[in-house]
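Structural overview
Each chain, letter by letter, is given below.
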Amino acid sequence: MRTQVAIIGAGPSGLLLGQLLSRAGIANVVIERQSAEYVLGRIRAGVLEQVCVDLLDEAGVGARMHREGLVHGGFEMLFRGRRHRIDMHGLTGGKNVMVYGQTEVTRDLMDARSAAGSPTVYSAANVAVHDFDTAQPYVTYDTDGPQGRQSHRLDCDIIAGCDGYHGVCRASVPRSAITEYEKVYPFGWLGILADVPPVSHELIYANTERGFALCSMRSPTRSRYYVQCALTDSVDAWSDEAFWKELRSRLDPQAREQLVTGPSIEKSIAPLRSFVAEPMRFGRLFLAGDAAHIVPPTGAKGLNLAATDVKYLSSALIEFFQEHSSAGIDHYSERCLRRVWKAERFSWWFTSLMHRFPDTAGFGQKVQEAELDYLVHSEAASRSLAENYVGLPLNFGE
Ligand code: RFL
Ligand code: PHB
């Protein structure tokens, strides 16, 4: 089999890239290790920047998002028992974010891909990328069918590594060609999804003596909540009752009263990590999204960064195939990394500000509260937070 772009991974990066390329008439095949149901079962991001919303529109998959997504013009910061609103809309000259789950984005992209008849291989085993330092790269993988296990080879011009943090693409690059920067945080997020109305119509980010908490949502009837937990905690040890009790203890009196609890429909623990691999291009192999970088979820930047990598990559590949120019692909890595590091900086800062660290005790908490007090009362500081939260423009600093 032959295609122009072999895309490894059917997460949001791979599916969005496939959609943008297909619309430009560039042939692509998506190869995914898991089944489609498994991919749709992962509960992850919930907040989309305007740039990401625009990209989903450009890809022709924005209709349901505009119908069902929730437009938010602000969010709340809770500390010392009181909430303070950050008026994103007012502070950024009219920008908002869209609350619409990654699961729904993925479903919309999968539906568009099958409607367009673009080939996708799910449940592919032993995916391997070859010869990407030449002009004839290829991908091999196995599938299970009625005749047993079959091996396949996909020849291509370009390989897009959209296979997430644990994928095969970055791992296939010689160690001497790649530099990795990493910071691991000494806590995780325990998250639950429940069919109960959200405690507030906007997100609440809470800094408390018991640790961080986040009140988010997926719809007017579905809530997503997180509490900071120890890395050694196991999901099974957290009953729903224990979760609700812990969340309630981290809220202000009004929210505590308004909190509606119910059985969880998903519960998981995510470790927090900052990670960047440089560069993001190795010959004919291009990394995009979590395959190249991870941010802690505090700033809601992961999916958004994946979307902007894909925008840069699709534009560069369209230029490559249609205008026979390699200017875009030559500039890809540098262009992405400038944006990536700004999001890394913001996510690290917001994480450091909002969480309880084991080694800083009372002093650290007091300094955080002083910074939060400054943040919500200084218009300049609030604007900087709002500007980063809604997302920097696609061509920022260019
Ligand atoms: P994904 O989503 O991990 O998809 C990669 C896909 O590649 C497949 N794969 C392979 N396929 C073939 N062969 C192999 N060898 C393969 N190895 C892996 C995987 O099965 C998978 O389907 O990466 P992608 O597409 O780059 O998307 C990135 C986003 O998923 C991620 O950045 C966000 O979820 C991060 N994130 C958030 N981002 C936001 O922008 N806003 C948020 O509000 C937000 N909240 C979050 C988050 C991530 C979280 N967790 C669980 C880490 C909240 C949480 C709790
Ligand atoms: C979510 O709704 O899952 C969510 C929202 C905001 C974040 C992280 C996660 O910062």
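In what follows, the structure referred to is the one given above.
What this report covers is the structure whose coordinates are included nearby. (Residues numbered from 1 in each chain as written. Chains lettered and ligands numbered in written order. Predicted model: local features only at pLDDT ≥ 70, side-chain atom pairs only at ≥ 80, totals over all residues. Heavy atoms only, no water.)

Looking at the environment of G148
What counts is decided by this rule: Strands here mean DSSP runs of E at least two residues long; helices mean DSSP runs of H or I at least four residues long; both are numbered from the N terminus.
Residue position: G148 is located in strand β11 (residues 148–155). With 118 residues separating them in the primary sequence, G148 and E266 have C-alpha atoms 34 Å apart.

Some remarks on unusual backbone geometry
What counts here: For every residue, the accessible area (1.4 Å probe, protein chains only) is compared with the maximum for its type, and the residue is labelled buried under 20%, exposed over 50%, or partly exposed between those bounds.
Cis geometry marks the peptide bond from E278 to P279, where omega comes out at -5°. Checked against the element boundaries, P279 lands in the loop between β17 (264–278) and β18 (281–282). Although it is not a glycine, D131 adopts a positive phi angle of roughly 55°. Its location among the elements puts D131 in the loop between β9 (125–130) and β10 (138–145). For A300, which is not glycine, the phi torsion reads 55° and is therefore positive. Mapped onto the fold, A300 is located in the loop between β20 (293–294) and α9 (302–323). The buried category is assigned to A300, whose relative accessible area is 18%.

Observations concerning the site of ligand 1
Heads up, the condition is: By convention in these notes, a residue is near a molecule or strand provided one of its non-hydrogen atoms lies within 4 Å of it. Any pair of nitrogen or oxygen atoms within 3.5 Å is treated as a polar contact; in protein, a donor-acceptor pairing is required on top of that, and neighbouring residues in sequence qualify only through side-chain atoms on both sides. Computed with a 1.4 Å probe, the accessible areas rest on the Shrake-Rupley method; for each residue, only the protein chains presented here act as cover. Three residue categories are used. Nonpolar comprises Ala, Val, Leu, Ile, Met, Phe, Trp, Tyr, Cys and Pro, charged comprises Asp, Glu, Lys and Arg, and polar comprises the others, including Gly.
Around ligand 1 there are 32 residues in total, and S13, E32, R42, Q102 and L303 lie nearest to it. Between ligand 1 and R33 there is a distance of 3.2 Å, counted from a nitrogen atom to a backbone nitrogen or oxygen. Here an oxygen atom of ligand 1 sits 2.6 Å away from a polar atom, N or O, in the side chain of Q102. Calculation on ligand 1 without its partners gives an accessible area of 1000 Å², and the protein chains cover 89% of this total. With three residues, α9 is the single largest residue contributor to the shell around ligand 1. Split by residue class, the shell around ligand 1 holds 14 nonpolar, 11 polar and seven charged.

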